[in-house]
Amino acid sequence: MAALQHTPIYLQSTKSPPSIPRTTTLLHNLSFSTTFPSLKLKLAVTNNGGGLRMAASAAASYATALADVAKSNSTLDATSNDVEKIERFFTQPEVLDFFINPTIGTEKKRQVLDEIIASSNLLPHTANFLNILVDANRIDLIREILKEFEIVYNNITNTELAVVSSVVTLESQHLAQIAKQVQKLTGAKNVRLKTVIDPSLVAGFTIRYGDSGSKLIDMSVKKQLEEIAAQLDLGDIKLGV
């Protein structure tokens, strides 16, 4: 199974998020509408397209609201770093299962959330955002929200996201070369890479970029072997890896 890893953003100047003291008590008392004023209006969606469409709209609205707050206080890059930290936690099935379990009380969830916030040193508005999701019983949308935030962030910063899959971890200089090539192909101001370890490729690597990964550069041995098999009319033979 492919394993997702995060790599730094190349071809873009980044700033490390400042050290933020814990303000858990204050965060719990902050007003929903005061902290995220655009969220209340954007969540006024109808259910014309069914539950899935409404959930997608809600996730996009939450993500946009978080981005709006980050833009307003000039912490967009730092908030993006926070989102990556949060993603690492919620990609663990047991973490998500805990927070969406209806038999676990809100206070218990807040306690665990406080630990995540403290260990990750999240910005105050990011921490408050997570508390809002727990209080509103919308933490079940967290993965969708994180994906939507990435889209919003990339649009705001003119950043092209490329997913690089390889059998082994690529060296930083190789990733930098890939980032430059993607920048040439797309004309994007910034390029952001995510790496995936995929043993099925045998050797080499693939690069997915564009809208929803619609464009592919395949430099893998697996692809070459498949082409050879097709030429020899061996399409039904599966390659053992």
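J.: Hey, could you run me through the nonpolar core in this one?
T.: A general feature of soluble globular proteins is that nonpolar side chains tend to end up buried together. Within the largest apolar cluster, 33 residues are counted, with the highest numbers of intra-cluster contacts made by Phe-90, Phe-99, Leu-130, Leu-133, Ile-142, Ile-145 and Phe-149. Secondary-structure elements contributing two or more residues to this core are α4 (50–72), α5 (76–90), α6 (93–100), α7 (106–120), α8 (124–135) and α9 (142–157). Here this core gets seven residues from one element, more than from any other, and that element is α4. Among residues more than four places away in sequence, those in contact with Phe-90 are Val-95, Leu-96, Phe-99, Ile-139, Ile-142 and Arg-143. By size, the runner-up hydrophobic cluster in this structure holds 10 residues, among which are Ala-162, Ile-178, Val-191 and Leu-193.

J.: Looking at this model, I keep getting lost on α5. Mind explaining?
T.: Since the α-helix advances by 3.6 residues per turn, residues separated by three or four positions end up pointing in the same direction. With 15 residues, α5 ought to run about 21 Å at 1.5 Å a step, and its terminal C-alpha atoms sit 21 Å apart, in line with that. Burial in α5 covers these residues: Leu-76, Ala-78, Thr-79, Ser-80, Asp-82, Val-83, Glu-84, Ile-86, Glu-87 and Phe-90.

J.: For this particular structure, what's the right way to read the packing of aromatic side chains?
T.: In this description, an aromatic ring pair is defined by two values, namely the gap between the centres and the angle between the planes. Under the criterion given, the structure shown has four aromatic pairs. Taken together, a centroid distance of 5.5 Å and an interplanar angle of 45 degrees make the contact between Phe-90 and Phe-99 tilted. Both residues of the pair, Phe-90 and Phe-99, count as buried. Taken together, the ring pairs connect Phe-90, Phe-98 and Phe-99 into an aromatic cluster.

J.: I tried to follow the pattern of salt bridges on my own but got confused; where do I start?
T.: Side-chain pairing between opposite charges can occur once the charged atoms of the two side chains come close. Inspection of the entire model under this criterion finds six salt bridges. With its nearest N and O atoms 3.5 Å apart, the salt bridge here joins Arg-110 to Glu-107. Taken together, the residues Arg-110 and Glu-107, both in helix α7 and three residues apart, mark about one turn of the helix. In this structure Arg-110 comes out as buried when scored by relative accessible area, which is 15%. Here Asp-135 ties to Arg-110 by a salt bridge, and the two come within 2.7 Å at their closest N and O atoms. Of the two residues, Asp-135 sits in helix α8 while Arg-110 sits in helix α7, which places them 25 residues apart along the sequence. Each of Glu-87, Glu-150 and Lys-194 takes part in one network of salt bridges that share partners.

J.: Whenever I open this one, the pairing of strand β4 (residues 205–209) confuses me. Can you help?
T.: The two faces of the sheet receive side chains in turn, since in a regular strand these alternate between them. Here strand β2 (residues 159–166) pairs with β4 via four bridges, running antiparallel. Pairing of Ser-166 across the sheet is with Phe-205, part of β4. Relative to strand β5 (residues 215–218), β4 runs antiparallel, the two being bridged by four bridges. Each bridged residue has a counterpart across the sheet, and for Ile-207 the counterpart in β5 is Ile-217. Between β4 and β5, which pair antiparallel one after the other, the connecting turn spans five residues, and Gly-210 there sits at a positive phi close to 85 degrees.

Cut-offs and rules
- Residues numbered from 1 in each chain as written.
- Predicted model: local features only at pLDDT ≥ 70, side-chain atom pairs only at ≥ 80, totals over all residues.
- Heavy atoms only, no water.
- Core = buried A, V, L, I, M, F, W, Y, C linked by side-chain atoms within 4.5 Å.
- Buried < 20%, exposed > 50% of the residue type's maximum accessible area, 1.4 Å probe, protein only.
- Helix = DSSP H or I, 4+ residues; strand = E, 2+ residues; numbered from the N terminus.
- Contact = heavy atoms within 4.5 Å.
- Expected span 1.5 Å × (residues − 1).
- Phe/Tyr/Trp six-rings, centres within 6.5 Å; stacked < 30°, edge-to-face > 60°.
- Salt bridge = Lys/Arg side-chain N within 4 Å of Asp/Glu carboxyl O.
- Pairing = 2+ DSSP bridges.

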